[in-house]
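Coordinate inspection notes
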Amino acid sequence: LAWQALRPVPLRLHDPWLDDPTARKERTRHELKKEYKQSMRDATRAIRKDSQFVQALRDKEHEQEEARRQANYNKLMAELQAQRKMVGQMETTYSKARDRALQALQIQKAKEAKEAAKDGKGAAAPAKKTKPKKARPLPGPK
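The structure displayed is predicted, hence computed values, not measured ones. (Residues numbered from 1 in each chain as written. Predicted model: local features only at pLDDT ≥ 70, side-chain atom pairs only at ≥ 80, totals over all residues. Heavy atoms only, no water.)

1. Digging into the overall build of the protein chain
The helix and strand tally for the protein chain stands at one helix and zero strands. Burial statistics for the protein chain: of 142 residues in total, 1% are counted as buried. Element-wise, carbon and sulfur atoms account for 58% of the exposed surface of the protein chain, whose accessible area totals about 15,500 Å². (Helix = DSSP H or I, 4+ residues; strand = E, 2+ residues; numbered from the N terminus. Buried < 20%, exposed > 50% of the residue type's maximum accessible area, 1.4 Å probe, protein only. Areas by Shrake-Rupley, 256 points an atom, 1.4 Å probe, with all protein chains shown as cover.)

2. Observations concerning the pattern of salt bridges
Following the criterion strictly, the structure yields five salt bridges and no others. With its nearest N and O atoms 3.0 Å apart, the salt bridge here joins Arg45 to Asp42. Of this pair, Arg45 and Asp42 are both found in helix 1 (residues 21-119), three residues apart, which corresponds to roughly one turn of the helix. Between Arg69 and Glu65 there is a salt bridge; the shortest N-O distance is 3.8 Å. Here Arg69 pairs with Glu65, and both are found in helix 1, just four residues apart, close to one helical turn. We classify Arg69 as partly exposed; its relative accessible area is 45%. (Salt bridge = Lys/Arg side-chain N within 4 Å of Asp/Glu carboxyl O.)

3. Overview of the environment of Asp42
In this structure Asp42 comes out as partly exposed when scored by relative accessible area, which is 37%. Reaching out from Asp42, the side chain makes a polar contact with the side chain of Arg45 at a distance of 3.0 Å. (Polar contact = N/O pair within 3.5 Å; in protein donor to acceptor, adjacent residues only side chain to side chain.)

4. Quick word on a nonpolar patch on the surface
A cluster of nonpolar residues, Phe53, Val54 and Leu57, forms a patch on the protein surface that exposes about 280 Å² of accessible area. Within the secondary structure, Leu57 is located in helix 1. Leu57 sits in the partly exposed class, given a relative accessible area of 41%. (Patch = residues over 30% accessible without salt bridge, like charges linked within 9 Å, V, L, I, M, F, W, Y side chains within 5 Å.)

In structure tokens, the structure reads:
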């Protein structure tokens, strides 16, 4: 028996370019579809970038407004603290003066009591009870 001769394997070639009208329509339709998808992606990307930019501007304006509010708040709180300090100093000065006056009055009463004891009068006469004064209304618009 004789060996069968093997045929040589043909080279793989691409299909020949046929200028077929239906193939041309299919190619143009495919290219247009591809172009449409790409333009949609580009448009979506541009819209996303624009919205991020606008949001960044809004955030920046919001931060500036917050900084302005905080500065105003800090300024008002500093003024309030200064007023409280001033009132505290005035109250301290007033209370010290009041304490000195009360102390002087107590010393004077003690001296009077000693003098009364020396004179032999005994205890000093009790003070007259007086009615408390009514509070007067403050002047101002009614």
